[in-house]
Amino acid sequence: MFKVLRDLLRYNREFLIGFILTASLVIYASLHFFSPYDNTAIYLLPPDMPPSPDYWLGTTSRGQDIFWQISAALWNTMTFGITVTVISRMLALTMGMISGYIGGRGDRVLMTINDTLIALPNLPILLLVYFVMREQMNWAILAVVTACLSWNYDARIIRSVALSLRQREFTRHAVYAGMSMPQVLVRQHMPYVMPIVFFTAMNNLIFAIGIEVTLAVLGFIDLNRPTIGGMINWANQHQAIVAGVWWWIAFPIIAIVLLFLGLFLLAISINEYIDPRSRLARMGG
Amino acid sequence: MNGFVKYLAERLFQLFLVIFLGVSLAFVITTLSPVDPVQVSLSQMTSFGAVDPRSVELMREALEELYGLQGTMLEQYFNFWRRVLTGDFGPSLSAFPTPVMTLIAAAVPWTLGLLGLSLAMTWILGNLLGALAGYFRNNTLLKLSGAAVMALHPVPAYITGLILLLLFGYAWPILPISGGAQMNLQQGFTLEYITSLIRHGLLPAMAMVLVGIGSWFISMRSLVSNIVTDDHVVYAELGGVKSRKIFSQYVARNALLPQVTGLALNLGHIFGGTVIIEFLFNYPGMGRLLIQGIYRGDYSLVLGVTTISIVAVAFAAFVLDLVYPLIDPRVRLG
């Protein structure tokens, strides 16, 4: 594991840049534990101060320090993304492995349901959930709903691997040795499927963070809890651009773009590492 | 022919299943919610002052009938289906007494135009760039443009749109940033109106293209770079077939097939992006209607737009699936 990481850092420039970007943003985000201000309190500081040695990234019209706001916001956004990823990976793994293992008619039924769920437009459904929940909507519910809407595509990929594992000699041995289906799946098949789970997890993380930013920008989650989308929403509400408070909107945008860039570079370089064909292509030229 | 009939039957079954599950899901979400929509609408209406309790009770009954919330769960479910099939979602509360369907019908052409045009542009451009980048792997210009579209790919639609809006609306104000066309112009086939239509559509369409192009680019590039090493391509190269012909007939044509399937699969996801872009640029389509409905607490409007968009996306994917046999003879011949 560490050797793989070392090799990737040494030979893969995309991975190196992505790793540095993501790692520094994670460190920046965890700094919020040492924030001198309460990150939900407002009107603590003089409002609308431009970036200066006192307030590195300026202050908002609500009297908050933007540097510490972004730090807490990144932390919350990442927590949300990781929660969604973990839940949706578990769903995709269970569904994909079972469908591939049982095969035949059961597989067809499960995959038809799966394809049906892929075809549904997920944003209108999320918005509908918000609309009927209203004030009762919090980030945990949003995470569960987002997870339920984002595992299908990956379940299909996992299932195609499980389908081929089912034909392999060791699966038959395991069954003859008296292992039950859950045992075969967890002990025998899981190790082969895990790389795909990790790789799809990166894409899922990016998707989940995108959903959170979008819904927060629209004002559809608790806006008092700092999030990047929430900051942009407040800036829009105070017409920051018209008022000339550009730093209120520019820095959150820069932060989120850097986060996406870092995660995305990690995702494509891990994908390349897992797929040997593209690794060969890289070596060839 | 037999293969095509079987293919058609499968797709048709899938279409009905998507619509059935989607509409049922919308129903389940609305009924499982802990918030009573009638109560919410009532408190919105009565918040302006004291109202006679008897008229509140009458209003409650009227709203329950309007929302189709009378009777048992099963009755409500069938009632909901009747509404979907007849396309009658009742009047909109925020634009009373205009029926929800009228509002949706007015919004559909805008979304269809914006989404259709920008999606076609995105798909063609992304696949062309991706195929070229996969085939001519050492071209610096292609590498650079590839890096640019891939960097934009993970950024959510709202952020990309917002950056465009700030650039072309405030920093260098050359394009209109709100609405579908100039307000005071008469709709029609005049040069002035069409120019205004294009100018207003340019920024949202640009945002859509920038948001979507990366994923087509990435998948097309990897498809092409896999096909390039296939035996038939190597054989053609050795046989002296012109590289232009190899690219278009041997490589790109094969790689396009999964991209068409991918388009049908991703329509639902792409529609989500349109919702956000329309709202951001105040474009008078389905997406803006949906989000406005949410802000105004308009229950029938939100339910109507959600259901119609589920059905519309399923139909669009079905139409794409019907086109597929035209380009893939294997399905046609069975």
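Computed from a prediction, not measured in an experiment: that's the story for all the values here.

## A short note on the UniProt feature "domain: ABC transmembrane type-1" (unreviewed entry) in chain A
- Mapped onto this structure's residue numbering, the UniProt feature "domain: ABC transmembrane type-1" (unreviewed entry) falls at residues 74-267 of chain A.
- Annotated as residues 74-267 of chain A, this span is 84% helix and 0% strand, and its ends, taken at the C-alpha atoms, are 19 Å apart.

## Considerations on helix H4 (residues 104-119) of chain A
- Over its 16 residues, H4 of chain A runs 23 Å from end to end, which matches the ideal 22 Å to within 8%, given 1.5 Å per residue.
- Of the residues making up H4 of chain A, those classed as buried are Asp-107, Leu-110, Met-111, Asn-114, Asp-115, Thr-116, Ile-118 and Ala-119 of chain A.
- Where the residues of H4 of chain A are buried, they touch helix H3 (66-102) and helix H7 (152-166) of chain A together with helix H1 (2-32), helix H10 (243-280) and helix H12 (299-327) of chain B.

## Some remarks on the pattern of salt bridges
Residues and elements named next belong to chain A.
- On inspection of all chains with the given rule, the structure shows five salt bridges over all chains.
- In this structure, Asp-154 and Arg-89 form a salt bridge, with 2.7 Å as the shortest nitrogen-oxygen distance. Residue Asp-154 is located in helix H7, and its partner Arg-89 is located in helix H3; the two are separated by 65 residues in the primary sequence. Both residues of the pair, Asp-154 and Arg-89, count as buried.

## Regarding the confidence of the model for chain A
- On average, residues of chain A score 86 in pLDDT, and 96% of them reach the 70 mark or higher.
- Highest mean pLDDT in chain A belongs to H3 of chain A (93); lowest belongs to helix H13 (residues 276-284) of chain A (57).

## Looking at the UniProt feature "transmembrane region" (unreviewed entry) in chain A
Residues and elements named next belong to chain A.
- The feature "transmembrane region" (unreviewed entry), as annotated in UniProt, sits at residues 15-34, 66-88, 109-133, 196-221 and 245-270 in this numbering.
- Along residues 109-133 one finds 92% helix and 0% strand; the C-alpha atoms at either end are 32 Å apart.
- Each end of residues 245-270 is marked by a C-alpha atom, and these two atoms are 39 Å apart; helix forms 96% of the span and strand 0%.

Rules used throughout
- Residues numbered from 1 in each chain as written.
- Chains lettered and ligands numbered in written order.
- Predicted model: local features only at pLDDT ≥ 70, side-chain atom pairs only at ≥ 80, totals over all residues.
- Heavy atoms only, no water.
- UniProt positions renumbered as here; feature names shortened; annotations may be inferred.
- Helix = DSSP H or I, 4+ residues; strand = E, 2+ residues; numbered from the N terminus.
- Expected span 1.5 Å × (residues − 1).
- Buried < 20%, exposed > 50% of the residue type's maximum accessible area, 1.4 Å probe, protein only.
- Contact = heavy atoms within 4.5 Å.
- Salt bridge = Lys/Arg side-chain N within 4 Å of Asp/Glu carboxyl O.
- pLDDT = per-residue confidence, 0-100.

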